[in-house]
Amino acid sequence: MAAVETDRDAPSALCSEFLNFSAKDTAAKWLQVSNLPKEVYQHLACYVPKIYCLGPNLNPQNEDLLAPLLLQSPLEWYLCGEEPSVGLAKLEQNNQPSQLCGHVFKVGEPTYSCRECAADPTCVLCMQCFLGSVHKEHRYRMTTSGGGGFCDCGDTEAWKKGPYCQKHEPNISDSSQKDPLANLSDEMIARTYNVFSIILKYAVDMLTWEKEDELPEGLEPPARGDTYYCMLFNDEVHTYEQVIYTLQKAVNCTQKEAVSFATTVDRDGRKSVRFGDFQFCEQAKSVIVRNTSRQTKPLRVQVMHSSVVAHQCFALKALTWLGQIIRYSDALRRILCQVGLQRGPEGENSSLVDTLMLCDSKMWKGARNVYHQLFMSSLLMDTKYKKLFAIQFAKNYERLQSDYVKDDHDREFSVTDLSVQMFTVPSLARMLITEENLMTTIIRTFMDHLRHRDLHGHFQFERYTAQQAFKFRRVQSLIGDLKYVLISRPTEWTDQLREKYLEGFSAFLELLKCMQGMDPVVRQVGQHIEMEPEWEAAFTLQMKLTHIISMMQEWCSSDERVLIEAYKKCLSALTHCHSGFTDGEQPITLSMCGHSVDTIRYCVSQEKVSIHLPLSRLLAGLHALLSKTEVAYRFPELLPLSELSPPMLIEHPLRCLVLCAQVHAGMWRRNGFSLVNQIYYYHNVKCRVEMFDKDLSMLQAGASMMDPNHFLMIMLSRFELYHIFSSADCRKRYNRENANKDVVQQNNTLIEEMLHLVIMIVGERYTAGVGQVECFDEIRREIVHQLCIRPMAHSELVKALPENENKETGMERVIDSVALFKKPGVTGKGLYKLRPESAKMFNLYFHHYSRADQSKAEEAQRKIKRQNGEDSVLPPPVLPRFCPLFASLVNILQCDVLLGILGAVLQWAMEPSGGHWSESMLQRVLHLIGMGLVEEQQHLLSSAEDNDTNFNFTLKISRPGEAPANTPSILALLETLQNAPHLEVHKDMIRWILKTVANIKTTRECTASAPPSDSSGHSQEEVSIGSTVRDKDKAERKRKAEMARLRREKIMAQMSEMQRHFINENKELFQQSLEELDPSTSSTLEHSPSSCDSTLFCVGPRRWRAGGSDRRQVVTCILCQEEQEIRIDGKAMVLAAFVQRSTVMSKNRKRPPHNPDKYDPLFMHPDLSFGTHTGSCGHIMHSHCWQRYFEAVQAKEQRRQQRLRVHTSYDVENGEFLCPLCECLSNTVIPLLKFKSIYCFLSEQPDLSQWLNITSLQMKALLSAHRKAKAADADGVDDMDGVNDCPPPDGFKLDYTPKNPYSSTIKEMLTTFGTATYKVGLKVHPNEQDPRVPIMCWGSCAYTIQSIERLLVDEEKPLFGSLPCRQDDCLSSLTRFGSACWTVSSHATVQNHFIRLLAALVPDPRVENTPCILDIDMFHLLVSLVLSHPAVFSLDSSGLSADTAQLHFLHLVTVAHIVQILLSSVPEEVQMEQESGGAEREEEEKVCMFYNTLRTHLGSGLREVDSGWHLWCCVKAGILPYLRAAALFFHYLNGAPAPPELHISHLCAAGSSEQRGSHQVCPAPQHSRVHCSRSSSVHYSTISYFRFPRESNHLIELPGDYSALINQASSFTCPKSGGDKSRAPTLCLVCGAMLCSQSYCCQSELEGVDVGACTAHTFACGAGVGIFLRVRESQVLFLAGKTKGCFYAPPYLDDYGETDQGLRRGNPLHLCQERYRKIQKLWRQHSITEEIGHAQEANQTLVGIDWQHL
Ligand SMILES: [Zn+2]
Ligand SMILES: [Zn+2]
Ligand SMILES: [Zn+2]
Ligand SMILES: [Zn+2]
Ligand SMILES: [Zn+2]
Ligand SMILES: [Zn+2]
Ligand SMILES: [Zn+2]
């Protein structure tokens, strides 16, 4: 933020004047004057320029202080006539607020809509109202608001029920119809009226003011200086970057300032970028204009006089003030509405409200926002004036829309966006339709703006420019308005409404006329199309209109008179369109099977055809609706059916369907993708309701009015198949057409498509009006057919179903009746599975199946049938009956032409196919025959009620063919085919057909007497026929099952044999390795496992040891597959490893990062704020194999980066690579080492105090030797002050340099891993000489063990035996590496580290900078001591044991830790002491004793305690993690196998680990003395800081309901741009911080790069690794470093077990604990980076994202 710099003196100069000002006096004066407007203007003219705009940087603090005092206060005094605070309070008290909530939504705030009760989806509730409403128990939808719009609570028209929440429930006592003005005195009304009209007029004048240098009359300032602003305005053309760049040049600002300017311009719509004299500003303006005018129109810049800007600023404030003041009283609000809508002097449409609206597009964003807000809180909140405003809005509608289309601001900043607030109110919408003819206005305005037409007046979008495209997008918002108007259907019609609706309908037909036949295509032959034609615009239009068309039909369906009128209008429009479609052509005559018909000559493959036929389709829809009405049922003669020409009706839809068939047949390949796309959308769920479905209906309607034979012949002709089936010898097709294989292939596909179309025309009866169904039957059937493909998630089903204008599919009402829900696990989604009984609805030729769907569904259904042991035949389902108008369609099945076609195909199938017929063709034919049979059965069943049954399909198919004579009948053909070997796949179906025929015949024979068989056609007889077949099947199945069982048994036997063998072999191996002891250490036999395996000590002189050389370990290199034994002097073997900084265990995230160059990491602070974690995938390689591999990766990456400039998921520059086997991200390797042979000494070992004495002498000697060496190095002077010569004790050789036992490759790898740990852990450049290298290695070892110990506790797993191999291998090599890493460092350095470490426990006055023991993490200390000790120990030859030393270290550090625990856990209050018995008792007393010893040394700082119970509890709990970690450490260090009882549970493991250290928890007194002498340096302030045990860190608690998070995020404001809403609020799941992500405002610089808030945060909070929840997107974000990231499924699920990434569906979301725990586990085990790596490898697009900007 730019500080206040230059204008400090300005206010102070005015101060005295301001102090003398009295608002009361001014108001009193105003009450006296005759010309109040003039007086008020004078006041404003005087003060406004003195408060606002006094310098380059506006000073909101001054303005906010002075403006209320000098400007608003007198107005309020005048208005109230008394002290405003009193007056306004009175007003508020008397107010009877309306029941509307009217809460205006902020950007990102959650909104709720009830899917059961909302009148339409735009009706929403705020969170408060929602929680107090009945709808929270209903099915609701939750979304985030885009800003604007208000809560509809209390609006009775918005809700079908429950319109009020508890808060807005009206009092029954008061009548809400009362005029609010009745409560106000006349004087008050008059005064309010005066003030409001002056102020509103002033504000309107100023906001619409266009002169830059002048002011309206009466506002000229008394003194006028040469002070100007250079004002930059927002546009949507220029990018942020362009503006920032230009500003830097034009006004000489820094990039940061430029960003801030640009942000403000984008937000408020304008911003002054320069202040000064006219010249100065004008100069900046010209630079900006010049710089931005090259490609586009220049940025808008104005040089404005400061007083103009000042008044505009105050005008905005004044509007805000008005908005606030009317909140006190509905009466004030009504007066303001009255003032605003009062007609001005210029007559119609000249009120202040009109003026504002009409100037909308000229104002800047900020001004628009303010007055829109005011409109919403005034006009739209007052029921009376809302109506008047709506009328004005409708009157200005055309003009407003035109302005909007020309304007370049988004719609949310346009006044036209208010339409939703009025048009969706049903009563207002109806009033606007009848009184303002709104429907027609909207449609006409839309048509006016869409001027791309071709010669025939059709829309044409070909080659339209970018600007036209832009305009086209904006015009589409008009369709939205039309949708709002139509969204609620009228329940009652008035004559006037009918008239205006039909007028609107006519206008709509005009629109559709322009679409009918647009974008026609012609088949391309020869060469491929040159340029893909534009098709998207037309489809966009179609898609946008889809709901409108549906709604138009619904309106029509609600009134019979309207329906018939609309039908007539639509028919005449269609006739008009098609007039002359037969022109110029001689009709041709088709004849077949003794029938003939005339038709036109037309070939889809040769002439123009269009996929856009909205008029035909609308008519088809209306026809189906008519068919449902009573008129159609009773008096069809009243309908205009006689005017219909069926061939004309079917012509265009048929062409369109033929086009699709031909595209499928590959005939239109040369027309390119645009056609393929169009065909795709034609069938797509978004369009099909008003495209494909309606074409099918239209064919059904047309065919129902025609002779079926005629219909089929015309169809054949359009499919260009007529010549095949009409020829006399069509049954011998295979003999003739050998000529062209392609043509044969095409024709086969066309025949298949044609047969499919016949199946659909006869079989699709689930449209209400076509068949006798309800609308739920339709949706139920859709769902069944989707689920027949496979079980689906809720969202998948929703996507597959068409949504209505309310975004509802109606699925919820029927889903449970056809499907079962299965809940999801930790991953995946919940699934719906079809109920078995619903499968009988399955229709293989369901019209919405694509070919792929069809074959998947067929396979799935057959499989299920087979699994249930049923016949796998899929016969056609039983269908509902047709409505009367469509009833004749069934006759298509038994008409001669169809039977002729069926017969021909069956005849072809007699011979094996040589490409002349296809399996699918035959399958369709069989299906059609099946349909005929099912239909006949149905007719027979219903014949009892309905005796006229002239449907006799069996009779027809039994008759021999007519022409040529004596061809076999269809039935005869089928009987022959039944045994054809080449028709194996169709056998089931043919058998089913023959059985059903037999069954029908029997039924017909005994028609009167026998009861009808069951509906599915499985009669008794059939069962008996089938039973023999089935028995045979059964026997066969049984035999197969038996065979399978035998096979399984055999395999099992084999396997268990192998297993036994394997175990035996391994046992031998195992024992061998145990017994194979090195002869050189046979003296240590008494410590071998056989002698003491009952106590497997892992530390101390009695520890378990495998002897000098332990088991031979042989491993295989994953790269060269060679085996290799691990040996000290052998080839180095390495594990791929990943080292990372970690804060997972941090107890202090506020600690600033260390300065990497200065930081001394020797002592880890107990807050564990930063650690270094090492992980590995456990894959082993030769070091030289790995080096070669890594070099190859490096080389490849360099080439790739040069060539493609693409990133990879790993950063080679930083040493990263992917494990060659598992692609796990790695950045170094750990060498595998063997245990070192440590000699065991039988001599008596010193006890602790003796040992301490010896060690202390050794340290003294070492220290002085070091200092001497240092001094000698420095300048050669031998004796310096303070350097006393201390002689080393016996057997301690200061000048001894031990031999490094390792081979050169192992040494190299030791250095590699050490350097990598150092580099990553400290974030420094690699330097193998740095003394901190070994420290970092020990630290990483300690940290990794600690984190794994925590992980095991959190996962409730035992300490030993539960770690996966990879972690086990990693830990053991890490510890062994730790014990060896000193060999490659300077020995003196390591010795020095050891001295300092030891001094922390045993004070040594010569060692400086020793921290207080409360500031040391004891486990880190233990590990460092043990691992650095060999460097000292190697000098000793006196016979001391290293094991003894380890044991002493363990004792020392443990005692120190107990001291820490005791000091940090003394309770404030005396707690209830409890008695415990036995062994516990003894421990308690010891603790108490120890504590008292501490007290004597520390004095009164510690409270007195009487018993040790509490202390003992604290010690027991506090020390557990430490002891467990120590057990792990020594286990891996010394290689002792864990005793089996430790595998059982973690608690028990901890207990035993104490014993294994042969260590008693309570220390002997002499130990404690050591510490207490040091304790004086304890800082009390830190005592309460750490309590042990440290709890494991958790990710933050998340609320159960996701909307709580949204609400929290919506009130979050960007911390950097003063109170602005953040666009992408993002929650850190580690610490709970909310961040303003992905935005310029919160970018900061990190290591020289601009990074977003999230990336910056990860560096402080997670050492570079972050886990976030993007609240608006409902998406988890993982970040690592500056370049890596991925999205992860959020832990929130809806009721259907699905996540909603992007919050698109809006189902309520609830926290799924299991999934959240899974994320937490990833974090705790340091796998986030690895997870990102895998995600990026799987999805390369993730690599390209600029993660650092998030
Ligand atoms: Zn509300
Ligand atoms: Zn409410
Ligand atoms: Zn509800
Ligand atoms: Zn190898
Ligand atoms: Zn691996
Ligand atoms: Zn955080
Ligand atoms: Zn921000």
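Residues numbered from 1 in each chain as written. Chains lettered and ligands numbered in written order. Predicted model: local features only at pLDDT ≥ 70, side-chain atom pairs only at ≥ 80, totals over all residues. Heavy atoms only, no water.

Asks: How do you make sense of unusual backbone geometry when you look at a structure like this?
Replies: With the exception of glycine, the majority of residues adopt a negative phi angle, and the majority of peptide bonds are in the trans configuration. We note that Asp519 has phi near 45 degrees; this positive angle belongs to a residue other than glycine. Relative to the assigned elements, Asp519 resides in the loop between α21 (495–515) and α22 (536–557). On the accessibility criterion, Asp519 (15% relative accessible area) is buried. Phi angles above zero are rare outside glycine, and Cys593 is one such case at about 45 degrees. Here Cys593 shows up in the loop between β6 (588–592) and β7 (595–599). By relative accessible area, which is 31% here, Cys593 ends up partly exposed. (Helix = DSSP H or I, 4+ residues; strand = E, 2+ residues; numbered from the N terminus. Buried < 20%, exposed > 50% of the residue type's maximum accessible area, 1.4 Å probe, protein only.)

Asks: Which parts of the structure should I look at to understand the coordination of the zinc ion (ligand 4)?
Replies: Around a metal, the perfect tetrahedron of four donors has angles of 109.5 degrees, and the perfect octahedron of six donors has angles of 90 or 180 degrees. Protein coordination at the zinc ion (ligand 4): the donors are Cys1117 (SG), Cys1120 (SG), His1182 (ND1) and Cys1185 (SG), at 2.1 to 2.3 Å from the metal. With four donor atoms in place around the zinc ion (ligand 4) and angles of 97 to 117 degrees between them, the coordination shape is tetrahedral. Sequence spacing among the residues donating to the zinc ion (ligand 4) works out to C-x2-C-x61-H-x2-C. (Donors = N, O, S within 2.8 Å, 3.2 Å for Na, K, Ca; no water. Tetrahedral: all angles 85-135°; square planar, octahedral: opposite > 155°, others 65-115°.)

Asks: How should I be thinking about the side chain of Glu752 in this particular structure?
Replies: Tracing the chain through its elements places Glu752 in helix α32 (residues 741–763). Excluding residues that lie within four positions of it along the chain, Glu752 makes contacts with Arg851, Ser918, Ser920, Met921 and Arg924. (Contact = heavy atoms within 4.5 Å.)

Asks: What's the story with the confidence of the model for the protein in this structure? I'm lost.
Replies: The predicted coordinates of low-pLDDT regions are not to be read in fine detail. With 85% of its residues at a pLDDT of 70 or more, the protein has an overall mean of 82. Long-range and interchain partners of residues 1–13, a stretch whose pLDDT sits below 50, account for nine contacts in this model, where long-range means more than four residues apart. Within the model, the stretch residues 1542–1584 combines pLDDT values under 50 with 88 contacts to residues more than four positions away or in other chains. (pLDDT = per-residue confidence, 0-100.)

Asks: Whenever I open this one, the pattern of salt bridges confuses me. Can you help?
Replies: Two side chains that carry opposite charge are able to pair once their charged atoms sit near each other. What the rule picks out here adds up to 57 salt bridges. When the shortest N-O distance is used, the salt bridge between Arg224 and Asp213 registers 2.8 Å. In this pair, Arg224 is assigned in the loop between α7 (186–207) and β3 (228–233) and Asp213 in the loop between α7 and β3, connecting sequence segments eleven residues apart. Overall, the relative accessible area of 46% leaves Arg224 in the partly exposed class. With relative accessibility at 32%, the residue Asp213 sits in the partly exposed group. Through salt bridges with shared partners, a single network forms among Arg115, Glu116, Arg139, Arg141, Glu808 and Glu812. (Salt bridge = Lys/Arg side-chain N within 4 Å of Asp/Glu carboxyl O.)

Asks: Quick question: what am I supposed to make of the nonpolar core here?
Replies: Note on soluble globular proteins: their nonpolar side chains tend to be buried together. Of all hydrophobic cores here, the largest spans 299 residues; its most connected members are Phe196, Phe389, Tyr501, Phe725 and Met754. Setting aside chain neighbours within four positions, we find Phe196 in contact with Leu79, Lys201, Leu322, Ile325, Ile326, Leu332, Ile335, Leu336 and Val339. Counting 121 residues, the second largest nonpolar core, distinct from the first, contains Ile1118, Tyr1302, Cys1370 and Leu1414. (Core = buried A, V, L, I, M, F, W, Y, C linked by side-chain atoms within 4.5 Å.)

Asks: Looking at this model, I keep getting lost on helix α10 (residues 278–292). Mind explaining?
Replies: Residues that lie three or four places apart on an α-helix share one face, since the helix turns once every 3.6 residues. Along its 15 residues, α10 runs 21 Å from first to last C-alpha, staying within 8% of the 21 Å computed at 1.5 Å per residue. The elements touched by buried residues of α10 are β3, α8 (240–250), β4 (270–276) and β5 (301–305). (Expected span 1.5 Å × (residues − 1).)

Asks: Hey, could you run me through the coordination of the zinc ion (ligand 3) in this one?
Replies: Around the zinc ion (ligand 3), the protein supplies Cys114 (SG), Cys117 (SG), His135 (ND1) and His138 (ND1) as donor atoms, at distances of 2.0 to 2.2 Å. What the four donor atoms of the zinc ion (ligand 3) show is an angle range of 99 to 116 degrees at the metal, which sorts the shape as tetrahedral. Sequence spacing among the residues donating to the zinc ion (ligand 3) works out to C-x2-C-x17-H-x2-H. You can see Cys114 sitting in strand β1 (residues 107–114) and its partner His135 sitting in the loop between α6 (127–131) and β2 (140–146), a full 21 residues away along the chain. Accessibility assignment for this pair places Cys114 and His135 in one class, buried.

Asks: Is there a simple way to think about the packing of aromatic side chains in this case?
Replies: On inspection of all chains with the given rule, the structure shows 42 aromatic pairs. Seen from their ring centres, Phe539 and Tyr681 are 6.0 Å apart, and the 45 degrees between their planes marks the pair as tilted. A residue pair is termed long-range when its members are at least 10 positions apart, and Phe539 in helix α22 and Tyr681 in helix α27 (residues 672–683) qualify at 142 residues. Both rings, one in Phe846 and one in Tyr849, keep their centres 5.2 Å apart while their planes meet at 80 degrees; by these two values the pair is edge-to-face. A residue is classified by how much of its surface remains accessible, and Tyr849, at 8% relative accessible area, is buried. Cluster of aromatic residues (ring-pair linked, three or more members): Tyr371, Phe375, Phe389, Phe393, Tyr397 and Phe423. (Phe/Tyr/Trp six-rings, centres within 6.5 Å; stacked < 30°, edge-to-face > 60°.)

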